[in-house]
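# Coordinate analysis (summary)
Listed below are the residues making up each chain.
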Amino acid sequence: LVTRLRDFGETIFAEMTRLATETDAINLGQGFPDTDGPASLLHDAAQHILGGVNQYPPGPGRPELRAAVAAARAESHGLDYDPATEVYVTVGATAGIAAAVLGLVEPGDEVIVFEPMYDSYPAVIAMAGGVRRPVTLRPTGQAGAARFTFDPQELRAAVGPRTRMILVNSPHNPTGTVFSPEELAVIAEVCREHDLLALTDEVYEHLTFDGVAHVPLATLPGMRERTVAVSSVGKTFSVTGWKTGWVMGPAPLVRAVSTVNQFLTFTANGALQLAVAEALRSEMAWVAAQRDALQAKRDRLSEGLRAAGFEVMRPQGTYFVMADIRPLGFTDGIELARTLPRAAGVAAVPAQVFYDRAEEGRHLVRFAFCKRDEVLDEAVTRLSRLS
Ligand code: PMP
Ligand code: GLN
């Protein structure tokens, strides 16, 4: 393994899912739903495969999907992207993020990332030879209802002469924070002032709760021209295994992404792209119902965790809730997550692995609530035996 990747071992998701399988534990670690996406989506995909859509689609993606992505973005956020040159389909958001970083970050360039950070970000920054500069999100507000946010001063202080890009994930995994218009305005101001690029990971764009709206950073003044936005189908339609995503941005930035991606994966599954294109037009009511169901699941698991003795934060979106383990007498989330499947029959993910400043997340564990109610209830019953 090359030296610049020597700090990267097996991902925490692989480790915890394997542990869950070995111990037959309920897997509230890796974020994937245990129910399927809309029936029409599954049916369409099967029909396209049986109907012969089985060879390479165009490198940038099927025109039907690029058009549907552009139309959805215009309708929801008033952002116009030319499907021919400003939308590009990738193998999940993961490949889009990787291609954007590899195509836009020079060795030695710095990338500002909010921590806790999704695990692929530090890895692809390292692959590009870039240097990450973490800005820490910290819980604020009442115990039990805390929301994670950043200190604008800390963000400004992270910018230096080599800063090239800010990577913004909202709704944010693992904290569940949906950046407010005010927070986005601070980020946008820093980008404009220092002429930085923004890479936005919006895979949870439709999964926000309590009426909180997801605002794409590209909608802020001066931001469309410097932002590469990434999303994907996995979370929106509960098909995380489909690995179909897309990148949206001004043509020169999308060209940088496509230059890299044509040699990474060249293209992505065409039959799935056709099915997703149709679902983006016809199944948004399903998505709204799914969002409401997830909000109820957030509340269900949060209440259960609280009753079991955890202190629970309040996510505004995503699949995840962060829990403080200290009220139960534990101090190290990694230790707890490694023993929990055997000790309690439940798997979770220690948040510490998403931090550079490890002490900030030592006492935090992430639980996924994108599961059937009876599964969540059984998990809570098992966790209640901890105290
Ligand atoms: N970004 C975030 C924040 C995620 O949680 C995930 C996991 N779904 C991804 C990217 C990867 O998305 P995809 O499966 O579309 O590659
Ligand atoms: N995005 C999901 C999570 O955060 C799964 C990621 C993965 O398995 N790589 O849990």
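Residues numbered from 1 in each chain as written. Chains lettered and ligands numbered in written order. Predicted model: local features only at pLDDT ≥ 70, side-chain atom pairs only at ≥ 80, totals over all residues.

## Side note on the site of ligand 2
For clarity, the threshold we go by: Nearness here is judged by the C-beta atom: place it from the backbone, and if it falls within 6 Å of a molecule or strand, the residue counts as near that partner. Residues are grouped as follows: Ala, Val, Leu, Ile, Met, Phe, Trp, Tyr, Cys and Pro are nonpolar; Asp, Glu, Lys and Arg are charged; every other residue, Gly included, is polar.
Every residue lining ligand 2 is accounted for by Thr-11, Phe-13, Gln-30, Gly-31 and Asn-173. Of the residues belonging to the shell around ligand 2, the class tally is one nonpolar, four polar and no charged.

## What about the site of ligand 1?
What counts, and what does not: Think of it this way: any DSSP run of H or I at least four residues long counts as a helix, any run of E at least two long counts as a strand, and we number them from the N terminus.
Among the 14 residues in the neighbourhood of ligand 1, the closest are listed as Gly-92, Ala-93, Thr-94, Asn-173 and Ser-232. For the shell around ligand 1, the elements supplying multiple residues, two or more each, are helix 4 (92–104) and helix 8 (233–236). The element contributing the most residues to the shell around ligand 1 is helix 4, with three residues. Taken together, the residues that form the shell around ligand 1 break down as three nonpolar, eight polar and three charged.

## What about the UniProt feature "domain: Aminotransferase class I/classII large" (unreviewed entry) in the protein?
Using the following cut-off: UniProt positions are given in the numbering used here, feature names are shortened, and annotations may be inferred rather than shown by experiment.
Mapped onto the present numbering, the UniProt feature "domain: Aminotransferase class I/classII large" (unreviewed entry) falls on residues 24–383. The annotated region residues 24–383 carries 41% helix and 17% strand content, and the separation between its end C-alpha atoms amounts to 15 Å.

## Details of the domain arrangement of the protein
Stated precisely, the cut-off is as follows: Start and end points for every domain follow an automatic or database-based domain assignment. The contact rule is simple: place each C-beta atom from the backbone, and if two of them lie within 7 Å, those residues are in contact.
Per the domain assignment, the segments making up the protein are domain 1 (3–37 + 285–384) and domain 2 (39–283). Opposite the 39 residues of domain 1 that make contact, domain 2 presents 38 residues. No other element matches the nine residues that helix 11 (residues 284–307) contributes to the side of domain 1 that touches domain 2. Of the residues that constitute the side of domain 1 that touches domain 2, the class distribution is 19 nonpolar, nine polar and 11 charged.

## Some thoughts on the packing of helix 4 against helix 5 (residues 120–127)
Stated formally: For helices, the fitted axis covers only the stretch in contact; all axes are lines through C-alpha atoms, and the angles between them, taken along N-to-C directions, range from 0 to 180 degrees. Helix crossings get a hand from a simple test, with the near helix turned counterclockwise from the far one by less than a right angle marking a left-handed crossing and a clockwise turn marking a right-handed one.
Where helix 4 meets helix 5, the closest approach of the two axes is 9 Å, and the angle between their N-to-C directions is 35 degrees. Between helix 4 and helix 5 lies a crossing of right-handed hand. Residues Thr-94, Ile-97, Ala-98, Val-101 and Leu-102 of helix 4 form the contact with helix 5, whose participating residues are Ser-120, Val-124, Ile-125 and Met-127. Class assignment for the residues of the contact of helix 4 with helix 5 results in seven nonpolar, two polar and no charged.

## Considering unusual backbone geometry
The test is simple: Around each residue's C-beta, the other C-beta atoms within 10 Å are counted; 20 or more make the residue buried, 12 or fewer make it exposed, and counts in between make it partly exposed. All C-beta atoms are placed from the backbone.
For the peptide bond that leads from Glu-115 to Pro-116, omega is 5 degrees, which places it in the cis range. In this structure, Pro-116 sits in the loop between strand 3 (110–115) and helix 5. Here Ser-170 and Pro-171 are connected by a cis peptide whose omega angle stands at -10 degrees. Position of Pro-171 among the secondary structure elements: in the loop between strand 7 (163–169) and helix 7 (181–194). The phi dihedral of Asp-195 is positive, around 50 degrees, even though this residue is not glycine. Mapping Asp-195 onto the fold places it in the loop between helix 7 and strand 8 (197–201). Owing to 9 C-beta atoms within 10 Å, Asp-195 belongs among the exposed residues under this scheme.

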